[in-house]
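Fold and contact review
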Amino acid sequence: MYNQNIPIVFLLFILLYSNAKAQSKVYLSGKDAETAIDWDFKISEGRNSGFWTTIPVPSNWETEGFGYYLYGMDKMVGEKPSIGYYRHSFDFSKNQKKRYFIVFQGAMTDTNIKLNQNQVGFHQGGFTEFKFEITDYLKDGKNELKVKVNSSSSNESLVKAERYADFWLFSGIFRPVFIQEVPAEFIEHVAIDAQMTGDFTMDVFTNGIKNAKSVVAQIYDVDHNKVGEEFKANITDNKTTLQSSFSNIKQWSHEFPNLYTVEIKLKNKKEVLHTYKQKFGFRTFEVRDHDGFYLNNKRLLLKSANMHSFRPETGRTLSRSNMEENVRLMQDLNFNCVRPCHYPPDSYFFDLCDSLGILSLDETTGWVKPLDTKTGAQIVEEIVTRDVNHPSIILWSNGNHNAHNPELDSVFHQWDIQKRRPLKNAPKNGNIFEGYTPDWDIVNTTYYPNYETVKRALFKEDHIYLPNETLHALYDGGGAANLKTYWDLFEKSKVGGGITIWALFDEGLMRTDNGYVADNQGAKAADGIVGPHGEKDGSFYAIREIWSPISISDENIGDDFSGELNVHNKFTFTNLNQCNIEWKLINFANPDGTPNGHRTVASGKINTDIRAGEKGKLSLNLPSSFVNNDALAIQVYDTKGNLVYDKRLPISTSKRPTFRASINIPFKQSKNEPFTFQRQNTLLKFDGNSGVLLSVTDKGKPTSIRNFPFLTFEQADTSLVTYTNNSSKANATQIGGNWLIETKDSKGFDYIKWTLKTNGEILLDYAYTLDSGKYNYTGIGVEINADELLRKRWLGEGPERIWKNRKEGGSLDVYAVEKQVNIPGLVYNPPSFEGCFAPWDWAVFYLKNNLNIGFQNKTDVILGVLNPINAKDAKRAIWSYPKKEGLFFFDHISAVGSKWKPATEFGPDAQPNNIDGQIKGSVSMYINWNKTDIKAKRTDIELE
């Protein structure tokens, strides 16, 4: 039973401006997910239905334990769409001279509103802000608000556009609700066009005008200093246009997000009736047909991903901190743009894009079915009216692929004073040009191109090319895989517009009926560069490097270093003298000690004058002792303090120790078994014919280390035949204190050569020759039971694994990683333990029974760790990898595909490896090299 005497919920009252004639907001809900306020609630169907309880507002009722969990293409079988009933009592102090509007920033989908038993309004459309006047219904004192929200809609066009989609479906009042107080005559909203030149045009939309005569405006900078003179115009109907021009303004861009505020006063002859403030930026964005995108007269490529408003615990209801985290994540990835796809995000998200500096698209609702023109016109008006003044918004997006409605193009321009271009998006198998003849050249946004399509669009055709869904990042595929190959083409093209990766996040919903794990609906929603909670995989680090606005071409330095590094400034506006650039000399932890990471032994600043888009030299004043250090690190911070580049160059002259295997105790050959050798507690048994290490015994106990090396490869051409069962005879000879075990033409190897050194190093040199042809991977391995391996430490470019077509992004350091289950799209425990890692210098694996095995890379082999697991239904986001359990030393590795394209369609860097000739490699192994036979005797006495 609903209790009429419930305590009145505290109302958060926000005065937007200090002027008494300004508008104010009274929040009836929380301002976001973190501040949501309980309202009374009942739902008609599904979980917890049929009785009154409470629900936080804003929220999606699915994430609060109500209704049904539905993914966009799920079909309801026998169930009715859920209807939510909300009731909320609140006290209000009403000013009889004011007018009042109730504003819903988002309610999914059909929303009916009553206040004090009076019908207020009805709205259809789940993603857009709407409001109704309640002046006649609002009481001074206690009020009761009733809201009925249908998860679906009686508008068939909206159902097809919003409820049939490849994303989670949510319902309810999921964005804030507030009451807006304004004077009787007031400014409803404004639409601003502020150009890079300082030219300023503003449409002022007014309401209730009786006595007002003029509109007066004054611009202020971020420190509230006046900019230019006050300017005004006499009121004309409900829209009045003001114009002015300003000099010495600071332009807005993603690199320099300079914002201004215009204060508009509605006046009669004697007084100010209403004051309204709006932030904006002076900037000019152009779509130059057959050319590219230009911001403030500078051409730029858009570096972007698709983003839904989503969190695993709260669905589409976000906190302000969530939205800031999203922008910060994009800046960590070195994005300059984002496509909030399929529907408009919260307005606060665009506020953050304006202030922090991220370009953005803004898209109408619709995944695969278009809105009809009548409904779509309403939705477009609501989107543009809300978002028109954000300088970060550079393009409108008229629906997702087949959801495009060309009749809505003119509606965008009707409400947009800046006349920004509405894009048509096209599916991967669609023809974007067919049946569409706008007044401008079409920007080609066709999804998921392969390498040949990209080349043709960039160099054979003359339309701006912006594939708005690209390199689908399902599981561990796509994302950064072959992004470098594609991006190099875009940078060379005259019509390159940019790349939009699908997608930013895996959208796994935490379900209370499903073990409270992130449910990605299998392969449907596990599309992200990062996981549901921002977990980073290899694509994150690679994208960050590929899209960095700084590039240093040098890969290492030595004693002949001249003190200069070759740098390319890829910023659009920023001179490197505006950045904070630091150098550091670092020494890495070693495999014998317990620390990880590195130590900084010297550091300094770099000052350079290299303009945006130009190449030049970074001059470093290093101490002469730099030759004794492990690496030189260069870090670049942009004007906003973001770390945009971090490169570590190995110093080839470093002599710092790695494995301190200094105890010279020779291996001893067994008298009875000539291919069995022992050193302290370690016993090695080799095959007398093949020379393969058959087993390792530690302190008399067998270990699972065996069959080293075995040859491993996978032919891409199944017609190839390579025989690996040759037999031979091994030789064991002693030279000085070292033992040499050699064999030729055995087990597929041209030769295997072991050197058992007196310091405990076990050096393996090998060579093999495969039939000429194409191979997915080739290398050698050592069998080790996976369940015995506990953790690893390694010095190399990490922390994540690589594939042949995704080698970028690693940072040279010492990493320690526990072995944990990590299944893309299902179990998130980054960084990856299994897979391919390179380049690397040394690695230590810690096994059960206190067994330590160390390896040192003597050539350029790629380290393979156990067997990376892919999730089910990976489509084409697959790789090739050996099936045996163990460790691998690859000479060539596999590429990875993406959801919609196999790796072979991504260009030359993703093709199988062409093998022709002998392959050689070398790796050293150490077993328990730093242990002592003498142990301290434990004392069990403790003193207070």
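Just so you know, the residues in each chain are numbered from 1, in the order the chain's sequence is written. For this predicted model, a pLDDT threshold of at least 70 governs which residues receive local features, and a threshold of 80 or more governs which side-chain atom pairs are given and counted, while totals over whole chains, interfaces and linings are taken from all residues. Remark: hydrogens and water are excluded; side-chain values derive from all non-hydrogen atoms of the structure.

To keep things clear, this is the line we draw: UniProt positions are given in the numbering used here, feature names are shortened, and annotations may be inferred rather than shown by experiment.
Under an unreviewed UniProt entry, the name given to the protein chain is beta-galactosidase, and the source organism is Maribacter luteus. In its Catalytic activity (unreviewed entry) section, UniProt records this for the protein chain: "Hydrolysis of terminal non-reducing beta-D-galactose residues in beta-D-galactosides." Comment text from UniProt for the protein chain, heading Sequence similarities (unreviewed entry), reads "Belongs to the glycosyl hydrolase 2 family."

1. What about the pattern of salt bridges?
As a reminder of what qualifies: Whenever a carboxyl oxygen of Asp or Glu lies within 4 Å of a side-chain nitrogen of Lys or Arg, that contact is scored as a salt bridge. Secondary structure elements are defined from DSSP: runs of H or I of at least 4 residues count as helices, runs of E of at least 2 residues count as strands, and each element is numbered from the N terminus. Exposure classes here rest on a 1.4 Å probe applied to the protein chains alone. A residue is buried below 20% of its type maximum, exposed above 50%, and partly exposed in between.
Under the criterion given, the structure shown has 38 salt bridges. E188 is the salt-bridge partner of K131, the closest N and O atoms lying 3.1 Å from each other. In this pair, K131 is assigned in strand β11 (residues 130–133) and E188 in strand β16 (residues 186–194), connecting sequence segments 57 residues apart. The class for E188 is partly exposed, based on a relative accessible area of 25%. Its salt-bridge partner being K265, residue E263 comes within 3.9 Å of it at the nearest N-O pair. The exposure class assigned to E263 is buried, which follows from its relative accessible area of 12%.

2. Points about the domain arrangement of the protein chain
Rules: Either an automatic procedure or a domain database provided the assignment from which the domain bounds are taken. Throughout, a contact is declared for two residues whenever any of their heavy atoms are within 4.5 Å. Using a 1.4 Å probe, buried area is obtained as the accessible area two parts lose upon being combined, added over both of them.
Along its sequence, the protein chain is carved into domain 1 (24–183), domain 2 (298–547) and domain 3 (550–650). Computed from C-alpha atoms alone, the centre-to-centre distance between domain 1 and domain 2 is 27 Å. The interface of domain 1 with domain 2 comprises 36 residues on the first partner and 42 residues on the second. Together, the buried faces of domain 1 and domain 2 total about 3300 Å²; carbon and sulfur atoms form 58% of this surface. Looking only at domain 1, the three residues that lose the most surface to domain 2 are Y69, F127 and W168, adding up to 20% of its buried area.

3. Describing helix α3 (residues 347–356)
The element α3 is extensively covered by neighbouring structure, given that seven of its 10 residues are classed as buried. Of all the positions in α3, only S347, F349, F350, L352, C353, D354 and L356 are classed as buried. One or two positions beyond α3, positive phi appears at G357, with a value near 95°.

4. Quick notes on the pairing of strand β12 (residues 141–150)
Here is the rule: If DSSP finds at least two bridges between two strands, the strands pair.
Relative to β12, strand β6 (residues 83–92) runs antiparallel, the two sharing 10 bridges. From the neighbouring strand, R87 faces β12, where its bridge partner is K146. Bridge count for strand β9 (residues 110–115) against β12 is six bridges, and the pairing is antiparallel. Residue pairing across strands places L115 opposite L145, the latter belonging to β12.

5. Observations regarding helix α8 (residues 538–546)
What counts here: Between N or O atoms, a polar contact is any pair within 3.5 Å; within protein, one atom must be a potential hydrogen donor and the other a potential acceptor, and residues adjacent in sequence are included only when both atoms are from side chains.
Burial runs high along α8: seven of the nine residues are buried. Among all positions in α8, only G538, S539, F540, A542, I543, R544 and I546 are buried. Buried residues belonging to α8 abut α2 (320–332), α7 (483–492), β31 (498–501) and β40 (643–650). Where α8 starts, the residue carrying a side-chain oxygen 3.0 Å from the main-chain nitrogen of S539 turns out to be D537.

6. As for the packing of α2 against α3
Which entries qualify depends on this criterion: To obtain each axis, a line is fitted to C-alpha atoms, and for helices this fit is confined to the stretch in contact; angles are then taken between N-to-C directions over 0 to 180 degrees. For classification purposes, an angle smaller than 35 degrees is called roughly parallel, one larger than 145 roughly antiparallel, one from 65 to 115 roughly perpendicular, and anything else oblique. Put simply, a crossing is left-handed when the front helix is turned counterclockwise from the back one by less than a right angle, and right-handed when it is turned clockwise.
The interhelical angle for the contact between α2 and α3, taken along N-to-C directions, is 40°, at an axis separation of 9 Å. Put simply, α2 runs oblique to α3. Here α2 runs over α3; the crossing is right-handed. On α3, the residues touching R320, M323, E324, N326, V327, R328, M330 and Q331 of α2 are Y348, F349, L352, C353 and L356.

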